[in-house]
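Structural description and commentary
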Amino acid sequence: MALPNTQHTGILISFEGSEGSGKTTQITRLGGRLAKGGYEIVTTREPGGTKIGEQVREILLHNSGGDGMFAETELLLFAAARAQIVRETIAPALLRGAVVLSDRYLDSSTVYQGIARNLGKGPVNEINRFAVGAVMPDVTVVIDVPTKVSIERISKRKGARPDRMERENIGFYEKVRDGYLVLAKGLPERFVVVDGTQSEDAIEAEIWSALQARLFNGEQAGRQSGQGGAAE
Ligand code: TYD
């Protein structure tokens with residue numbers, strides 16, 4: 001299926017970070033703020049977010065059969081869920097002019113599979129590109145928390161047994177954290193890194209001020225005409 005080029009009028013903002021970084025809370029807050037300003041908000045999550053993607057998510061994270069999964073298989077399954085959601089949900093929303101808030105996107109594969117699983121930049125970039133085409137985030141917000149904090153937050157989550165990725169060791173999560181910071185440093189025009197140990201209000205304010213400066217031209221939170229979706 002053809003994917004939109006950079007001419008679409010929507011905006012794609014992805015949220016990245018380790019588990020327990022508070023992405024989901026901040027997506028809800030930002031979505032509420034923008035919706036009040038008249039924007040159509042579409043929120044998506046990866047892996048999952050579509051019927052097919054949720055089935056892939058089960059294999060990746062919750063199915064006991066996932067235990068013997070090779071890193072290469074893992075990369076391709078994450079990419080498969082992404083290829084589906086970008087065509088089914090994200091691209092049509094961007095063409096309508098919506099603001100899409102994505103809980104994880106291609107940078108998760110760059111960091112988790114490329115760096116932490118050591119599959120390397122080359123293959124991961126190629127597969128990411130195949131999955132998303134030119135549908136790149138306008139801005140990517142990384143909520144950064146020290147690995148210790150992230151692990152403490154996972155262990156405090158009530159009920160559910162940690163998923164397959166959450167059962168990884170601390171060394172893996174150190175690589176994830178550092179991976180995001182290195183990636184962000186190399187692409188300052190796309191990335192915003194926010195300190196996730198602050199209060200939820202402070203994180204929200206910092207994200208909002210960065211987005212206003214980059215995307216919303218200093219407005220309070222109101223839709224303007226000609227809002228560009230300038231992808232890289
Ligand atoms: P999820 O339950 O969505 O948790 P989180 O709140 O941390 O987003 O779990 C998604 C897990 O999958 C998380 O450990 C990160 C991992 N992941 C990858 O390894 N590669 C990817 O491309 C994506 C999208 C996620």
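Up top is the structure these notes are about.
Here we come to the site of the ligand. Surrounding the ligand, one finds 14 residues, the nearest of these being Phe78, Ser108, Ser109, Tyr112 and Met165. Sorting elements by how many residues they give to the shell around the ligand places helix H4 (residues 106-116) first, with four residues. Its residues placed into classes, the shell around the ligand shows five nonpolar, three polar and six charged.

Attention now moves to the sheet that holds strand S1 (residues 11-16). On the basis of which strands lie adjacent, the open sheet formed by five strands has the order S2-S3-S1-S4-S5 and parallel pairing. A single partner strand is all that each edge strand has here, and the edge strands are strand S2 (41-45) and strand S5 (191-195). Neighbouring strand axes in the sheet, compared pairwise and without regard to direction, differ in orientation by 20° on average. In the sheet, S1 pairs with strand S4 (residues 139-144) via four bridges, with the strands oriented parallel. Its bridge partner being in S4, Ser14 is matched across the sheet by Thr140. Those strands touched by helix H7 (residues 170-186) are S1, S4 and S5, and its axis lies near 140° from that of S4.

Rules behind the numbers
Residues numbered from 1 in each chain as written. Predicted model: local features only at pLDDT ≥ 70, side-chain atom pairs only at ≥ 80, totals over all residues. Near = placed C-beta within 6 Å. Helix = DSSP H or I, 4+ residues; strand = E, 2+ residues; numbered from the N terminus. Nonpolar A, V, L, I, M, F, W, Y, C, P; charged D, E, K, R; others polar. Pairing = 2+ DSSP bridges. Axes fitted to C-alpha atoms, helices over the stretch in contact; angles between N-to-C directions. Contact = placed C-beta atoms within 7 Å.

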